[in-house]
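Fold and geometry: a report
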Amino acid sequence: MSATTVVAGAILSDDGRILLAQRAYPPELAGLWELPGGKVEPGETLADALVRELCEELNVRVEVGDRLAVAVTLESGLELIALRATIVDGTPTAAEHRMIEWVDAERLRALDQAGAVVPNDREWLPEILADLLER
Ligand code: DCP
């Protein structure tokens, strides 16, 4: 993987919730909810990058699972990929986001209907909702 890839975490809990993070910047995305993550650095695998980013952003250690099927190409040309993950150590805190929230399927749908999800991340909602509803 390379610096042209962004990896995000679909952090799922045993009780059917996913961890969303509210962006603080840039202005056009501030206030919208996303799957936390960031750019893959040269030499890193997707999983390495996700573990590093979620440690930096949320202060947690995660175990990485499989990827969501949908990949999104950003306007900038970056490719955005999501991996499922579970927290194995720590309690998440918003180190770089405005806030974080564990949301169930109902709350996720409501945020989406309110236009509060980062547009790129909306592509993952069908897969995420299916995951949440089978837990
Ligand atoms: N992105 C997205 N959805 C996510 C995560 C990221 O659409 N769940 C997009 C937003 C940016 C790009 O991917 O266009 C990089 O995301 P970052 O949060 O890493 O953006 P930064 O501005 O923080 O980049 P940098 O690491 O350079 O500060």
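This text follows the structure it describes.
As a starting point, this report considers the structure included with it. (Residues numbered from 1 in each chain as written. Predicted model: local features only at pLDDT ≥ 70, side-chain atom pairs only at ≥ 80, totals over all residues. Heavy atoms only, no water.)

Some remarks on empty space enclosed by the protein
Inclusion rule: In this analysis, the protein atoms alone were mapped onto a 1 Å grid. Cavities are point sets where a 1.4 Å probe fits without being able to get out; pockets are open sets with protein on both sides within 12 Å along at least five of seven lines; lining residues have an atom within 4 Å of a point. Grid points are joined across faces, edges and corners, and a volume is the space filled by probe spheres set on the points. Think of it this way: any DSSP run of H or I at least four residues long counts as a helix, any run of E at least two long counts as a strand, and we number them from the N terminus. Classification used: nonpolar for Ala, Val, Leu, Ile, Met, Phe, Trp, Tyr, Cys and Pro, charged for Asp, Glu, Lys and Arg, polar for all others including Gly.
Tallied over the full model, the rule gives 1 cavity of 30 Å³ or more. By volume, the largest cavity is sized at about 40 Å³. Taken together, Leu20, Trp33, Glu34, Leu35, Leu108, Val117, Asp121, Leu125 and Ile128 make up the lining of the largest cavity. When residues of the lining of the largest cavity are traced back to their parent elements, those giving at least two are β3 (33-34) and α3 (125-133). Looking at the lining of the largest cavity residue by residue, the classes come out as 7 nonpolar, no polar and 2 charged.

Focus on the site of the ligand
Inclusion rule: Summary of the distance rule: residues count as near a molecule or strand when at least one heavy atom falls within 4 Å of that molecule or strand. Distance and chemistry together define a polar contact, namely a pair of N or O atoms within 3.5 Å, with one atom able to donate a hydrogen and the other to accept it when in protein, and with adjacent residues in sequence counting only for side-chain atoms on both sides. To be counted as sitting in a cavity or pocket, a molecule needs more than half of its atoms within 2 Å of that site's grid points.
Among the 13 residues in the neighbourhood of the ligand, the closest are listed as Tyr25, Leu35, Lys39, Asn120 and Asp121. At 2.7 Å, a side-chain N or O of Asp121 approaches a nitrogen atom of the ligand. Spatially, the ligand is embedded in the largest pocket. Listed by contribution, the elements that provide at least two residues to the shell around the ligand are β1 (5-11) and β4 (37-39). A class-by-class count of the residues in the shell around the ligand yields 7 nonpolar, 2 polar and 4 charged.

Describing the nonpolar core
This is how it is decided: Only buried residues count toward a nonpolar core, which is a set of Ala, Val, Leu, Ile, Met, Phe, Trp, Tyr and Cys residues joined through side-chain atoms within 4.5 Å. Burial status follows relative accessibility: with a 1.4 Å probe on protein chains alone, a residue under 20% of its type maximum counts as buried, one over 50% as exposed, and anything between as partly exposed. Throughout, a residue-residue contact means that at least one pair of heavy atoms, one from each residue, lies within 4.5 Å.
Residues Ile18, Leu20, Leu35, Leu108, Trp124 and Ile128 are the most contacted members of the largest nonpolar core, which totals 25 residues. Secondary structure elements with two or more residues in this core: β1, β2 (18-22), β7 (79-89), α2 (105-113) and α3. Looking at this core element by element, the count peaks at 4 residues for α3. With near-sequence residues (within four places) excluded, Leu108 lies in contact with Ile18, Leu20, Val103, Leu125, Ile128, Leu129 and Leu132. Residues Val40, Leu46, Leu50 and Ile81 belong to the second largest nonpolar core, which totals 14 residues.

Regarding the sheet that holds β3
The line we're drawing: The pairing criterion is simple: DSSP has to find at least two bridges between the two strands. For every element, the axis is a line fit to its C-alpha atoms; helices are fit only across the contacting stretch, and the angle between N-to-C directions ranges from 0 to 180 degrees.
Spatially, the 3 strands line up as an open sheet ordered β3-β2-β8, and their pairing is antiparallel. Of all strands in the sheet, those bounded by a partner on one side alone are β3 and β8 (99-103). As judged from the 2 bridges shared by β2 and β3, these two strands associate in the antiparallel manner. Along β3, the bridge assignment pairs Ala21 with Glu34. Along the sheet face, α2 touches β2, β3 and β8 and points at about 125° away from the line of β8.

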